[in-house]
Amino acid sequence: MSLDRFYPIFDHSDWLRRMLPLGVKLVQLRVKDQPLAEVRKQIVISQQLCREYGATLVVNDYWQVAIDAGCDWIHLGQEDLDDADLKAIKNAGLKLGVSTHDNTELERVLAMAPDYVALGPVYPTILKKMKWHQQGLPRVTEWKQRVGDIPLVGIGGMSVERAPGVLAAGADIISAVTDITLNADPEARVRDWIEATR
């Protein structure tokens, strides 16, 4: 199964309801700081929406809820890996994407045979405070050589204007958050993203 090259990340199913009809085919639901019951509800609704529109849903962090909801993909950050039951995830048939920021993390993740590897932040990001500075395009090229056939996701400071350069550097997929959610016209921005990546 090949993944779409455009990979937006949203924090609520309302975003999926708006964006999936525009042609988004790969999307991550990243719910933070909500009660577990609300997280579960958001994942179930998002999974139904993705099935309706023929899109792939990736659930951030909440692997047990993702298993219970019959999801297909999970994304884990490095801290999440410490607490996740990777055997249970594998046994449930969930595909696994993982964040990486440095060589040590990449080596750790490659040993798990992930279904995609995310590298970030490629550019400076306003989304969250990170101890890593921007990785830059040369690092994207290096990472792609190291991961081989595993899809490489570029994330961090992404914009439609930067997309061609990131893809040319070796990324298979580009993930965007604030370039869409903080845009004055998110729907138009998503259309631009789809045009730039397909």
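A short tour of the structure in this document, coming up.

## Quick look at the nonpolar core
Working step 1: Of all hydrophobic cores here, the largest spans 54 residues; its most connected members are L16, I74 and W193.
Working step 2: Excluding residues within four positions of it along the chain, L16 makes contact with F10, P21, V27, L29, S46, L49, C50 and L57.
Working step 3: If you look at the next biggest cluster of nonpolar residues, it comprises nine residues, including V58, W73, V153 and I173.

## Some points on helix 2 (residues 36–53)
Working step 1: With 18 residues, helix 2 extends 26 Å from end C-alpha to end C-alpha; this agrees with the ideal 26 Å at 1.5 Å per step.
Working step 2: Regarding helix 2, the residues found buried are V39, Q42, I43, I45, S46, Q47, L49 and C50.
Working step 3: Positive phi appears at G54, one or two residues downstream of helix 2, with a value of about 65°.

## Quick word on the environment of M19
Working step 1: The residue M19 is located in helix 1 (residues 13–19) in this model.
Working step 2: Put simply, M19 and P8 are eleven residues apart on the chain and 9.4 Å apart in space, counted from C-alpha to C-alpha.
Working step 3: The residues touching M19, leaving out its near neighbours within four places in the chain, are F10, V24, I180, P186, E187 and V190.

## So, helix 7 (residues 137–147)
Working step 1: Among all positions in helix 7, only V140, W143, K144 and V147 are buried. The buried residues of helix 7 all sit within an arc of 100° when viewed along its axis, so they share a single face. Turned more than 90 degrees off the buried face of helix 7, the exposed positions are P138 and Q145.
Working step 2: Against the buried residues of helix 7 lie strand 5 (95–100), helix 6 (103–110), strand 6 (116–119), strand 7 (152–155) and helix 8 (163–169).
Working step 3: Residue G148 follows helix 7 closely and has a positive phi angle near 65°.

## Some thoughts on the sheet that holds strand 3 (residues 56–60)
Working step 1: Pairing is parallel around the closed barrel formed by eight strands, whose spatial order is 1-2-3-4-5-6-7-8. Sheet twist, expressed as the average angle between the axes of neighbouring strands with direction ignored, equals 25°.
Working step 2: Where strand 2 (residues 26–29) and strand 3 come together, four bridges link them in parallel fashion. Across the sheet, the residue bridging to L29 is V59, located in strand 3.
Working step 3: Of the strands in this sheet, strand 5, strand 6 and strand 7 are in contact with helix 7, which crosses strand 6 at around 160°.

## Some words on the environment of A92
Working step 1: Mapped onto the elements, A92 comes out in the loop between helix 5 (86–91) and strand 5.
Working step 2: Its relative accessible area of 41% is what places A92 among the partly exposed residues.

The rules we used
Residues numbered from 1 in each chain as written. Predicted model: local features only at pLDDT ≥ 70, side-chain atom pairs only at ≥ 80, totals over all residues. Heavy atoms only, no water. Core = buried A, V, L, I, M, F, W, Y, C linked by side-chain atoms within 4.5 Å. Buried < 20%, exposed > 50% of the residue type's maximum accessible area, 1.4 Å probe, protein only. Contact = heavy atoms within 4.5 Å. Helix = DSSP H or I, 4+ residues; strand = E, 2+ residues; numbered from the N terminus. Expected span 1.5 Å × (residues − 1). Arc of directions from axis to C-beta. Pairing = 2+ DSSP bridges. Axes fitted to C-alpha atoms, helices over the stretch in contact; angles between N-to-C directions.

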